Protein chains: 2
Amino acid sequence: MHRFSKKKEPWAFSSAGLEHLPYKQRVGGSNPSTPTMILALQSVCEAFLFVNMKSMINGYTELVGLMAYPIRHSHSPAMQNEAFRKAGINCIQLAFEVDNTNLKEAVQSIRALGMRGCNVSMPNKTIVGQYLEKLSPTAQLIGSVNTIVNDNGELTGYCTDGIGYMNSLKDEGIDIKGKKITVVGAGGAATAIQIQAALDGVAAISIFNVKDKFFAAGEETVRKINDNTSCKADIYDLSDYEALRREIADSCLVTNATGLGMKPYEDVTWLPDISYLRPELIVTDTVYVPPITKFLAMAQKVGCRTLNGHSMMLFQGAAAFKLWTGKDMDVEHMKQWLKDNG
Amino acid sequence: MHRFSKKKEPWAFSSAGLEHLPYKQRVGGSNPSTPTMILALQSVCEAFLFVNMKSMINGYTELVGLMAYPIRHSHSPAMQNEAFRKAGINCIQLAFEVDNTNLKEAVQSIRALGMRGCNVSMPNKTIVGQYLEKLSPTAQLIGSVNTIVNDNGELTGYCTDGIGYMNSLKDEGIDIKGKKITVVGAGGAATAIQIQAALDGVAAISIFNVKDKFFAAGEETVRKINDNTSCKADIYDLSDYEALRREIADSCLVTNATGLGMKPYEDVTWLPDISYLRPELIVTDTVYVPPITKFLAMAQKVGCRTLNGHSMMLFQGAAAFKLWTGKDMDVEHMKQWLKDNG
């Protein structure tokens, strides 16, 4: 039984308290009637109650999950909850410790409890697709799901990691369409960025990775991109410094999508030295703790414009927020909030 | 996979931020060590963060459910959430629309998501027991569960409805042990009150009900009480006014545990007239909307001491809170809060 419905439940409150009503009811419809008035009044009262009780969690509060392990340390619930609060949406995100052993039952919970949806993170992103009714074309191509939407018990998987990266660039006024980029890494975040960039019209992507277990995944990504998009992708061994120098020289942007630079590898980068960079190059990192990785510090020394992973994290969350609520996250507000609380 | 653990997770914050640590760690243990100090410091920091962020829901927030249908209107989540906030416990209650069709999967969610527990209400109270590993003796005798506790994936069902009623009397200084009471009704709330009263040492209970489908349930309750407790129970047809007058005259307390007096029966009571009452009689009602039912109004006219269902609602919640957290709900604070927000 699922009674999840954007139209019936008074979960969404605009400043006027009316936006969640179907358009016809908001404007009175073709036949303005007393029930319509009552609905509108009820909704204003509930909106007032909601605001007045300082976002009190009540019987109308809906739930969005975050299923991963480990996960308690994640900033995502606090961020999404502030975004829900700011948008006046009576919904919260909670983290649940879920790994591959209880993932199937946890996904079933989304249906059984009528949760609005869920975020999924490691180690479940590449596993969870099999338990869902549908996958977005992007999630299917990437082979990874980080966001689930529950539509009356029918679950659809999306991957907003790559969208988050592309939107974080867009937000900075950086346009990489029709251009060539270099992405180092072949894990989950790297794959999402590479495939989303290809889908969004990047002309060429050079992927670098060491010859570890992820190298085959990188080769698979190259095949997927070349088979399914008009982007031209190649993969190289990261120890091939000649290729690295040549591909970076050809690229407008280079990004680190490996864990190097992040704890416990704070003082490590795959970049041999700053001679590989030039001031016009845009340099980004998916890592955001620390905010300035060794890689970004080297780029700043050369005078490159740099961007860390904080913004990607925000924009993947904003894309998930939009999928769950149909509303835009107030990104400017959230940037300030993350600065104050992140 | 369940990592639910009172000892490891920093979910519980006292004002000192230390109470959730095992006793040995709080006092330094037999071998005060650096890890102990770090744990204590970490916990103080987390407590500070928790308070400072105005009870922000974060990755550490745990979940307690409320499964029933309809349920959105319920005051329970708001009440429990205020109690969690007041106690400094990083846990929230959310309502889920669950009926018999999705109850089994919803209960499985408690395990899969590692929820701390759940409240259960109509229409699930008498059904849910079969999906749990254990039942408390009281829940088994009453045949009804309103509270579930998750202990590392093992679910135990309790019934706090009767406890709530008995504690609401106790809170008013009313002691009915060793005395006779009359309870009108044979539904869920009535059964819980009757059996709990018998277990708690009430000497005799006279049950009245109309000859509807619940009369057999009343007869079953009488059998259970007489077989399992030292209380003497009898059931009478509510239209037998002679018996009603006689049994009330013998009782120290009479309570309405039917829906009469509640919407849409605001102006209705089963009591024929005030000649059945006397000023020394204590008169209680399980209904709390409206706060003064027709039944209570008649009793007040006679000069009886009266008590409505609000207090029973609070104390059944306090008993559930204690089962989930091991802590006493701040009942005095909650009384004021319910007055301001209820």
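1. Concerning the overall build of chain A
Secondary structure summary: chain A contains 12 helices and 12 strands in total. Going through the 342 residues of chain A one by one, you find that 56% of them count as buried. Long-range contacts, defined here as pairs at least 24 residues apart, represent 69% of the contacts in chain A between residues at least 6 apart. For chain A, the exposed surface amounts to about 14800 Å²; the carbon and sulfur share of it is 54%.

2. Topic: the pattern of salt bridges
Residue and element names in this part refer to chain A. One pass over the full model with this rule turns up 36 salt bridges over all chains. For Lys-322, the salt bridge is made with Asp-328, and the minimal N-O distance between the two is 3.0 Å. Classification of Lys-322 by relative accessible area gives partly exposed; the value is 38%. Asp-328 sits in the exposed class, given a relative accessible area of 60%. The network of salt bridges with shared partners includes Lys-180, Arg-246, Glu-247 and Asp-250.

3. Details of the pairing of strand 10 (residues 253–256) of chain A
Residues and elements named next belong to chain A. Residue alternation in strand 10 divides its side chains into two sets, Leu-253 and Thr-255 and Val-254 and Asn-256, and both sets are buried. Alignment of strand 7 (residues 180–184) against strand 10, held across 4 bridges, turns out to be parallel. Bridge assignment links Ile-181 to a residue of strand 10, and that residue is Leu-253. For strand 10 and strand 11 (residues 282–285), the ladder comprises 4 bridges, and the chain directions are parallel. For Thr-255, the partnering residue across the bridge sits in strand 11 and is Thr-284.

4. Describing the interface of chain B and chain A
Residue-level contacts link 39 residues of chain B with 39 residues of chain A. Linking chain B to chain A there are 0 salt bridges. On inspection of chain B and its partner chain A, the count reaches 7 residue pairs in polar contact (both at pLDDT 80 or more). Mapped by element, the contributors of at least two residues to the side of chain B that touches chain A are strand 1 (62–68), helix 3 (76–87), strand 2 (91–97), helix 4 (103–112) and helix 12 (331–341) of chain B.

5. Examining the relation of the copies chain B and chain A
Placing chain B over chain A gives an RMSD of 0.0 Å and needs a rotation angle of 180°, together with 0.0 Å of translation along the axis. Both copies of the chain, as the preceding transformation shows, are related through a two-fold rotation axis. Closest to the rotation axis within chain B is the C-alpha of B:Ser109, separated from it by 2.4 Å. When the interface residues of chain B are mapped onto chain A, 100% of them are again interface residues, pointing to one common binding face.

6. A short note on the nonpolar core
Inside soluble globular proteins, nonpolar side chains tend to come together where they are buried. By size, the foremost hydrophobic cluster in this structure holds 106 residues, and its most contacted members are A:Ile205 and B:Ile205. Not counting chain neighbours up to four residues away, the residues in contact with B:Ile205 comprise B:Ile181, B:Val183, B:Gln194, B:Ala197, B:Ala198, B:Ile225, B:Cys231, B:Lys232, B:Ala233 and B:Asp234.

7. Describing the packing of helix 6 (residues 161–171) of chain B against helix 11 (residues 310–325) of chain B
Residue and element names in this part refer to chain B. For the pair helix 6 and helix 11, interaxial distance at closest approach is 7 Å and the crossing angle is 115°. With respect to the hand of their crossing, helix 6 and helix 11 are arranged in right-handed fashion. Where helix 6 abuts helix 11, its residues Asp-161, Ile-163, Gly-164, Tyr-165, Asn-167, Ser-168 and Asp-171 lie against Ser-311, Met-312, Phe-315, Gln-316 and Ala-319. Classifying every residue of the contact of helix 6 with helix 11 gives 5 nonpolar, 5 polar and 2 charged.

8. Considering the sheet that holds strand 6 (residues 154–158) of chain A
Residue and element names in this part refer to chain A. Taken in spatial order, the 6 strands of this open sheet run 2-1-3-5-6-4, and their pairing is mixed. This sheet does not close on itself; its edge strands, each paired only once, are strand 2 (91–97) and strand 4 (134–135). One ladder, built from 2 bridges, connects strand 4 with strand 6; its direction is parallel. Paired with Lys-134 across the strands is Thr-156, a residue of strand 6. In the packing of helix 11 (residues 310–325) onto the sheet, contacts are made with strand 1 (62–68), strand 2, strand 3 (117–120), strand 5 (147–151) and strand 6, and the angle to strand 5 comes to roughly 5°.

9. Here we look at the pairing of strand 8 (residues 204–209) of chain B
All names here are of chain B. Burial within strand 8 is extensive, with 6 of its 6 residues counted as buried. Of the two faces of strand 8, the one carrying Ala-204, Ser-206 and Phe-208 and the one carrying Ile-205, Ile-207 and Asn-209 are both buried. Where strand 7 (residues 180–184) meets strand 8, 5 bridges bridge the pair, whose relative direction is parallel. Directly across from Lys-180, in strand 8, lies its bridge partner Ala-204.

10. Some remarks on helix 4 of chain B
Because each turn of an α-helix spans 3.6 residues, side chains separated by three or four positions end up pointing in the same direction. For helix 4 of chain B, the buried fraction is high: 7 of the 10 residues fall into the buried class. Residues B:Leu103, B:Ala106, B:Val107, B:Ser109, B:Ile110, B:Arg111 and B:Ala112 constitute the buried set of helix 4 of chain B. Looking at the buried side of helix 4 of chain B, the elements it contacts are helix 4 (103–112) of chain A together with strand 1, strand 3 (117–120), strand 5 (147–151) and strand 6 (154–158) of chain B. One or two residues past the end of helix 4 of chain B sits B:Gly114, with phi positive at roughly 65°.

11. Focus: the sheet that holds strand 5 of chain B
Sheet strands associate in pairs through backbone hydrogen bonding, adopting either a parallel or an antiparallel arrangement. Residues and elements named next belong to chain B. Taking strand neighbours across the sheet as the criterion, the 6 strands line up as 2-1-3-5-6-4 in an open arrangement whose pairing is mixed. Each edge of the open sheet is held by one strand with a lone partner, namely strand 2 and strand 4 (134–135). The strands that helix 11 touches are strand 1, strand 2, strand 3, strand 5 and strand 6; relative to strand 5, the one it contacts most, it runs at about 5°.

12. As for the domain arrangement of chain A
Residues and elements named next belong to chain A. For chain A, the assigned domains are domain 1 (65–159 + 312–341) and domain 2 (163–308). A separation of 25 Å is found between the C-alpha centroids of domain 1 and domain 2. With 12 residues of domain 1 at the interface, the matching set in domain 2 holds 16 residues. Buried surface at the junction of domain 1 and domain 2, summed over both partners, amounts to about 1300 Å²; 71% is from carbon and sulfur atoms. On inspection of domain 1 and its partner domain 2, the count reaches 1 salt bridge. The closest approach of N and O atoms between Lys-335 and Asp-171, which form a salt bridge, is 2.6 Å. Secondary structure elements with two or more residues in the side of domain 1 that touches domain 2: helix 5 (137–142), helix 11 and helix 12 (331–341).

The rules behind these values
Residues numbered from 1 in each chain as written. Chains lettered and ligands numbered in written order. Predicted model: local features only at pLDDT ≥ 70, side-chain atom pairs only at ≥ 80, totals over all residues. Heavy atoms only, no water. Helix = DSSP H or I, 4+ residues; strand = E, 2+ residues; numbered from the N terminus. Buried < 20%, exposed > 50% of the residue type's maximum accessible area, 1.4 Å probe, protein only. Contact = heavy atoms within 4.5 Å. Areas by Shrake-Rupley, 256 points an atom, 1.4 Å probe, with all protein chains shown as cover. Salt bridge = Lys/Arg side-chain N within 4 Å of Asp/Glu carboxyl O. Pairing = 2+ DSSP bridges. Polar contact = N/O pair within 3.5 Å; in protein donor to acceptor, adjacent residues only side chain to side chain. Least-squares fit on C-alpha atoms with pLDDT ≥ 70 in both. Core = buried A, V, L, I, M, F, W, Y, C linked by side-chain atoms within 4.5 Å. Axes fitted to C-alpha atoms, helices over the stretch in contact; angles between N-to-C directions. Left-handed = near helix turned anticlockwise from the far one by under 90°. Nonpolar A, V, L, I, M, F, W, Y, C, P; charged D, E, K, R; others polar. Domains from an automatic or database assignment. Buried area = accessible area lost by both parts, 1.4 Å probe.

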